[in-house]
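Now for the letters of each chain:
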Amino acid sequence: MTYQNPVISIAGLDHGDPAVLKYNGNYFLYHTGPREIRVYTSTDLVNWEACGVALHASDEDGHWAQVDLWAPEIIHENGTFYMYVTGAVRDENGHGNDEIRRIGVAKSKSPTGPFTLAKEPLTDEWSIDAHPFKDEDGSYYMFYNVRNEYTRGPNNVIGTGNVVDRMTDLETLSGNPTMVVAPEHLWEGNKEHSFFWNEGPFVLKKDGTYYQMYSAGFFGDDTYGVYYATSSKPMGDHGMEDKSWSKWKGGEPILKTNDACHGPGHHVVVKGPNGVDDYIVYHGYEPEENVGERRVRVGRFQWQGDHIWLEPPVKGELPLPSSPTYDGRFTSSISELNAGLLPHQYPSFHFETNIFLPSNGEKLVYFLSFLQGDGNKVRWSFDMEKSILKTIIQGESESEQVEEEYPLPDGHDFSAYHFVQVKKRNSDLSLYLNQLLVCSIELEGEADGTINFPFHDDEGVKVEGTVLTSLKEK
């Protein structure tokens, strides 16, 4: 099975700055709009269906987001969806006042909206392109784009650069931004060298190193491309004069214009349907169209050691993103899921699901088990009274030993869906909750085994988006 880029192309509509949220086994895509943020859904990253408008601009006098809803990014935490988006105040001609652009947040209980805009923005200076980043300790940082005296390009020409600030909560910044990258080279601007850009941040962490991918060049033509910088910490100690981040090869692109696509950039990275492979979703211009409308494209993302490789745009067919070894994303029956998971026992695998617990008075809920062939069992439970996640080892004698206890964050909502992953590498077994490592244990005896849900369909526990992918060939 194959696909061909662009994956979303609607004549008369610009799809700039696409962002993708993966939630309960589905994908939700959002993009820039003049006065509304549209949303699309997919199960495979390439076949998308429009499903309405997630956010409308404000009609209130003086509101920060009356027009130019740019570059939305969406996260899900504890039952709430947060959309970080740029807005502008409308001028007397009905256009966005380019001197008054701010980043703010909108919230919803559904990924398709409607999202409700906050009364006040998050930032108090010219700012666009918000990217929330969750670190391994659960801390959130906001990477975003500013235009000031610190972000000038070559020859002191005006430009924009990316900064980072701590998020004191998901609706508040600390107010002390630190420099990440600013334009340094002539190729990071337009062809006239009258404006320069480093924008569109997206951050990953690998082996203790932070990677901030960004776009540079003029977003309106073929000078645009994707770059990255690295740092040993997300945020330096020297404010807007900080030099913690270093551009790869001094500022060389990893995705650039070719005969298949002009101006590729402003992207996100998302896991494919198998939960393992990474993909980049970005916008670009179709060379044959000769119109100012950006189309949505999908390409492979790979780590090559400590370097990021992005698949160059092509005109021809590409293989569909890989499916999981066992695909239970749209199966809600617990008995069917357990029966489907039973045959899949591998030395190494990736498993993921999303779990919702009922409010039925239960104090302790066993929600996941790993059963080894020799009878040893690892079980995970939520102690809802103490707000603790427990890892329990049970041997052949049926005696149980609590291996680890993980305190849940304050206000943890058990009735919201939470993202659970189990990663097994031979005898190493790790469990993650909402992308944070909860426990890592060394298995004894025969390491192979099967994942299952230790409850029944009538107990009110719900699961969505369940997949298991063998890593034997990875």
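Attention in this report is confined to the structure presented alongside it.

### So, helix H1 (residues 334–341)
Two residues of an α-helix separated by three or four positions point the same way, owing to the 3.6 residues in each turn.
Here is step 1: Listed as buried for H1 are Ile334, Leu337, Gly340 and Leu341. The buried side chains of H1 occupy one side of the element, clustering within an arc of 130° when seen end-on.
Here is step 2: Where H1 is buried, its residues contact strand S24 (326–328), strand S25 (348–356), strand S33 (449–452) and strand S34 (462–470).

### Concerning the sheet that holds strand S4 (residues 36–42)
Whenever strands of a sheet pair, they do so through backbone hydrogen bonds, lying parallel or antiparallel.
Here is step 1: The strand order S2-S3-S4-S5 describes an open sheet built from 4 strands, whose pairing is antiparallel. Because the sheet does not close on itself, it has two edges, and the strands there are strand S2 (19–23) and strand S5 (49–56). Adjacent strand axes in the sheet meet at a mean angle of 25°, parallel and antiparallel pairs treated alike.
Here is step 2: In this sheet, strand S3 (residues 26–30) lies alongside S2 in antiparallel orientation, the contact comprising 5 bridges. Residue pairing in the sheet places Lys22 in a bridge with Tyr27 of S3.

### A look at the nonpolar core
A general feature of soluble globular proteins is that nonpolar side chains tend to end up buried together.
Here is step 1: In this structure, Phe351, Leu368, Trp380, Leu389, Val422, Leu431 and Phe453 are the most contacted members of the largest nonpolar core, which totals 36 residues.
Here is step 2: Every residue in contact with Phe453, bar those within four places of it in the chain, is listed here: Ile334, Leu337, Asn338, Leu341, Phe351, Thr353, Phe367, Leu368, Val463 and Thr466.
Here is step 3: Within the second largest apolar cluster, 34 residues are counted, among which are Leu45, Val46, Tyr211 and Leu318.

### Looking at the layout of surface pockets
Here is step 1: For the second largest pocket, the calculated volume is near 430 Å³.
Here is step 2: Together, 20 residues line the second largest pocket, and Glu77, Asn78, Leu170, Pro409 and Asp410 are the ones closest to its centre.
Here is step 3: Those elements giving two or more residues to the lining of the second largest pocket turn out to be strand S7 (80–90) and strand S12 (159–169).
Here is step 4: The biggest single contributor to the lining of the second largest pocket is S12, with 3 residues.

### What to know about the pairing of S4
Here is step 1: With 4 bridges joining them, S3 and S4 adopt antiparallel strand pairing. Residue pairing for S4: Tyr27 is matched across the bridge by Ser42.
Here is step 2: In the sheet, S4 pairs with S5 via 5 bridges, with the strands oriented antiparallel. Paired with Thr41 across the bridge in S5 is Glu49.

The rules we used
Residues numbered from 1 in each chain as written. Predicted model: local features only at pLDDT ≥ 70, side-chain atom pairs only at ≥ 80, totals over all residues. Heavy atoms only, no water. Buried < 20%, exposed > 50% of the residue type's maximum accessible area, 1.4 Å probe, protein only. Helix = DSSP H or I, 4+ residues; strand = E, 2+ residues; numbered from the N terminus. Arc of directions from axis to C-beta. Contact = heavy atoms within 4.5 Å. Pairing = 2+ DSSP bridges. Axes fitted to C-alpha atoms, helices over the stretch in contact; angles between N-to-C directions. Core = buried A, V, L, I, M, F, W, Y, C linked by side-chain atoms within 4.5 Å. 1 Å grid on protein atoms, 1.4 Å probe; cavity = no way out; pocket = protein on both sides within 12 Å on 5 of 7 lines; lining within 4 Å. Points joined across faces, edges and corners; volume = space filled by probe spheres on them.

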